[in-house]
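Each chain, written out:
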Amino acid sequence: MKVLTVLQFISIFVIYTGLFIAVPALLLHRRLKDEIFSVRFFFYIVLGHFYLINLVLFLQLLHISGRFTLILGSVLPVIVSLIRTKRVSPKKIGHVIGNRTSHVIRETLGIKLLLLEIVQWIGRKVKKLCRRMCGLIIRHFADGVLFIVFTATVLVMYGTNMIHTYGYCASDIPVHNYWINAMGNNDVFVAGIYPFGFHCVIYYIHAVTGIETYVLLRLFYVVQVLYIHYALLAFLKACCRTSYCAWGAVFFYVLAAFFNRNTYSRYYSSLPQEFGMIFILPGIYFMFAFLRQRKAEVDQCRKEKNIAGLKTWKCKSTRYLMGFVAGFGLTLIVHFYDTMVAGLFCIGIAGGYLFRIFKKEYFFRVLATGILSIFLAVLPMGIAFLQGTPLQGSLGWGLNVINGSSNTGNEEEQTDVTDNENEEMNTTGALSQGTTESMGPAGNTMNQTVSGNSTDNVQMPETTQVKTSAFAALVERVRFRITDIAKNGLDYLWTGVHNVVMLQASDQWMMFIFGCEGFCLAGGLLFVLIGKRDYGSMLMSTGFGLLLLMIFLSAWRFGLPHIMDASRCSIYVAYMIPAAIGLGADGIVALVFGFFKHDIWMNLVSLLTSAALVAVLVNGNQIRTPSIVTALQSNSAITCLANIKRENEKYKYTICSANDELRMMEDYARHEETITFLRSMEGNAVNGNLTLPTDRVYFFIEKIPLDYTVAYEGSGQRISEEGAKKPLPTANDISVYEGENRWIIMSRMYYWAQAFMELYGKEMQVYYETDDFVCYVVEQNTYSLYDFSIDYGYNE
């Protein structure tokens, strides 16, 4: 199974890379040949995803999505692009195809010889590509070696879990599995409108290649986490002036052990939020690139007194706006949390480029681009909404939060926030009451007027008094909040970042993080002052973006709406910290050694700086070890699924198991819930008619029941008669399989299997068994089905 898992992962990685890197590169590399590789990578990945995701969504909305239409929609743009760029002649292709077809018809050319010609042609193209790749590697040998080491490091950190844990590692993956399965029937948004970008990618790979959806969801997280780290590396390589500070920052991120576990634990599952992180940094970089390139264009047009040139969209900066449309739009297509983070960094960019972005040559283009990005992202969802599809629950909750009518949904956090706000309101109210009496011009004029003691004896209406008092209280509350933030803001940030850094970690790492953040802000301003405005503005934008994200992490402390819980927000903060570290270190090296005529000294110092950063982690015993995450299914269950599917025809077998296998095998087998099976034998149902109409029936039983999201006092104990004697759980939701309930259900199921085997020993056999799991199989004649409802000694 481990070998199969590795082979499946390699296949998924190659397919994903081919679809979203190689194919876009084939179409775009000539247009982007003047860009560095990191920027080309950003264009390939955002444009490739943007097209294919929208292709899937619109085919789904038209109810014509299938393997043929998906392949046709993918191949046509490639052919059109190749023809338009005159890299392929339709006339020549037609001539070659016609010539070879006529030879085959006349039997002057055999099929084997034709296939040999095709293979040889492909071989020549592959050799040519390999030669180009070898030349590229030779020219960038150091980066190539570091890239291989970096990829291996990420694979060790996260891929180790892949070969030791086969099941889903997050409880909400079966829900996403269900949504993707429904797309096979052209039923998109089956549970309501939701950002479906991630689901479209998994569905596309499944529909086109035939790889099972559950296999993709099991293993795609490793591909996903690789590209999350590649995006971070590409961002730093594109932004840094030195060659190696980017490498130090990304190795720091993947190796550092002092990050809280919650900042990377979700990387071990194929989830939309983490998938969307791939597109945050490309969008940010494209905005940097646009502002830099647009400035050059504006300066050139003014120098040439070309007013028309300032208004045209046919300029190089437009390509970066197109990249931003795709990158920022993808965050909204995949998960709105990613859009929040990208939006905060866009605000940071506005702060870093404050004296440029609001000029008319920039502002209206940026505004139009932002509106277009959001419009294109929500267009498929808007069409579905107009067709009568309701919003999915979490999306409706998000809109309620924006409207101010909902909270995070976390009861503990709601209590903390409410208590904190009540305390502040009481304090503010007391202060307002004490200060309002002395407000107004001429000392006590307001007080005299309100109390009716003014020299003119003018009485204010009662409603005016209430409005004035309320307004004064509001003003005082705002003043108090600003004063409180100014006084305690750093303490709030320090406390908030403890969600990212482990409490037991020394404060020196906290100081290091804040130091890099500080240099991005102060150093960026310094670069602006010495004339390197684009680089300095980029540093400041990164600093402002991370600062806003830290404030977002501690939102309730600042009296702001708590839209994202700390555990989710800390993932993004930890991901952006290496950006501040890499750019901060790059800025220091560039500031000190940038005056040398040759970059070799600056690059050498950057290499030593990066090596020192990793060495400090090693010497401080802060190197993280690979984690093995507990799955919500046993490895034996996944092994059984793979073997059972291979051995049986579609829907010719039934799997009776707890829950997750329902969505995993929905497209291949019938499924019976264990709790439903057992309840069918309780009370008056004993010796009733419980049949399962398939050739084979497989029963999954955990001899040591898993802790399905909930542990209990006897966690880890084996099934026993004691468990079987306990009352069958009565819950109707997932809690029926949680905690002690799972132990009771599995104990009862095991003793039912023993009793049934005594009655039908030849027909019921052990299919697969380990120390903690057993699978039984019953073969039956579908014209004479077994009645599985028996008295097994523990019926209620």
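Placed above this text is the structure.
Residues numbered from 1 in each chain as written. Predicted model: local features only at pLDDT ≥ 70, side-chain atom pairs only at ≥ 80, totals over all residues. Heavy atoms only, no water.

**A short note on a nonpolar patch on the surface**
Point 1. Together, L525, L526, L529, I530, I588, L591 and V592 give the surface a local cluster of nonpolar side chains, amounting to about 610 Å² of exposed area.
Point 2. Looking at the nonpolar patch, the elements that each hand over two or more residues are helix 22 (507-529) and helix 24 (566-593).
Point 3. Residue L525 is classed as partly exposed on the basis of its relative accessible area of 43%. (Patch = residues over 30% accessible without salt bridge, like charges linked within 9 Å, V, L, I, M, F, W, Y side chains within 5 Å. Areas by Shrake-Rupley, 256 points an atom, 1.4 Å probe, with all protein chains shown as cover. Salt bridge = Lys/Arg side-chain N within 4 Å of Asp/Glu carboxyl O. Helix = DSSP H or I, 4+ residues; strand = E, 2+ residues; numbered from the N terminus. Buried < 20%, exposed > 50% of the residue type's maximum accessible area, 1.4 Å probe, protein only.)

**Quick notes on helix 22**
Point 1. Under the 1.5 Å per step criterion, the end-to-end length of helix 22 is 32 Å for 23 residues, consistent within 8% with the ideal 33 Å.
Point 2. Buried residues of helix 22: W509, M510, I513, F514, C516, E517, F519, C520, G523, G524 and F527, and no others.
Point 3. Immediately downstream of helix 22, the backbone of G531 shows phi near 105 degrees, a positive value. (Expected span 1.5 Å × (residues − 1).)

**Topic: the pairing of strand 5 (residues 773-779)**
Point 1. The element strand 5 is extensively covered by neighbouring structure, given that six of its seven residues are classed as buried.
Point 2. As judged from the seven bridges shared by strand 3 (residues 696-702) and strand 5, these two strands associate in the antiparallel manner. Bridge assignment links E702 to a residue of strand 5, and that residue is F773.
Point 3. Where strand 4 (residues 764-769) lies against strand 5, five bridges are found, and the strand directions are antiparallel. (Pairing = 2+ DSSP bridges.)

**Regarding the pairing of strand 3**
Point 1. Among the seven residues of strand 3, six are classified as buried, and the element is accordingly described as predominantly covered.
Point 2. With four bridges connecting them, strand 1 (residues 653-657) and strand 3 associate as parallel partners. Counterpart to T654 in the pairing with strand 3 is V697.

**Points about the packing of helix 24 against helix 25 (residues 600-619)**
Point 1. At their nearest, the axes of helix 24 and helix 25 sit 10 Å apart, and the two run at 140 degrees to each other. Overall, the two elements helix 24 and helix 25 adopt an arrangement that is oblique. As for how helix 24 packs across helix 25, the hand of that crossing is right-handed. Where helix 24 approaches helix 25, its residues I581, A585, V589, A590 and F593 are matched on the opposing element by M602, V605, S606, T609 and L613.
Point 2. Taken together, the residues of the contact of helix 24 with helix 25 sort by class into eight nonpolar, two polar and no charged. (Axes fitted to C-alpha atoms, helices over the stretch in contact; angles between N-to-C directions. Parallel < 35°, antiparallel > 145°, perpendicular 65-115°, else oblique. Left-handed = near helix turned anticlockwise from the far one by under 90°. Contact = heavy atoms within 4.5 Å. Nonpolar A, V, L, I, M, F, W, Y, C, P; charged D, E, K, R; others polar.)

**A closer look at the packing of aromatic side chains**
By convention here, two paired aromatic rings are described through the distance between centres and the angle between planes.
Point 1. All told, the structure shown has 59 aromatic pairs when counted by the stated rule.
Point 2. Taking the centre distance of 5.2 Å and the plane angle of 75 degrees together, the rings of Y698 and Y767 count as edge-to-face. Of the two residues, Y698 sits in strand 3 while Y767 sits in strand 4, which places them 69 residues apart along the sequence.
Point 3. Overall, the relative accessible area of 0% leaves Y698 in the buried class.
Point 4. Measuring from centroid to centroid gives 6.1 Å for Y792 and Y794, while their planes differ by 50 degrees, and the two rings are tilted. (Phe/Tyr/Trp six-rings, centres within 6.5 Å; stacked < 30°, edge-to-face > 60°.)

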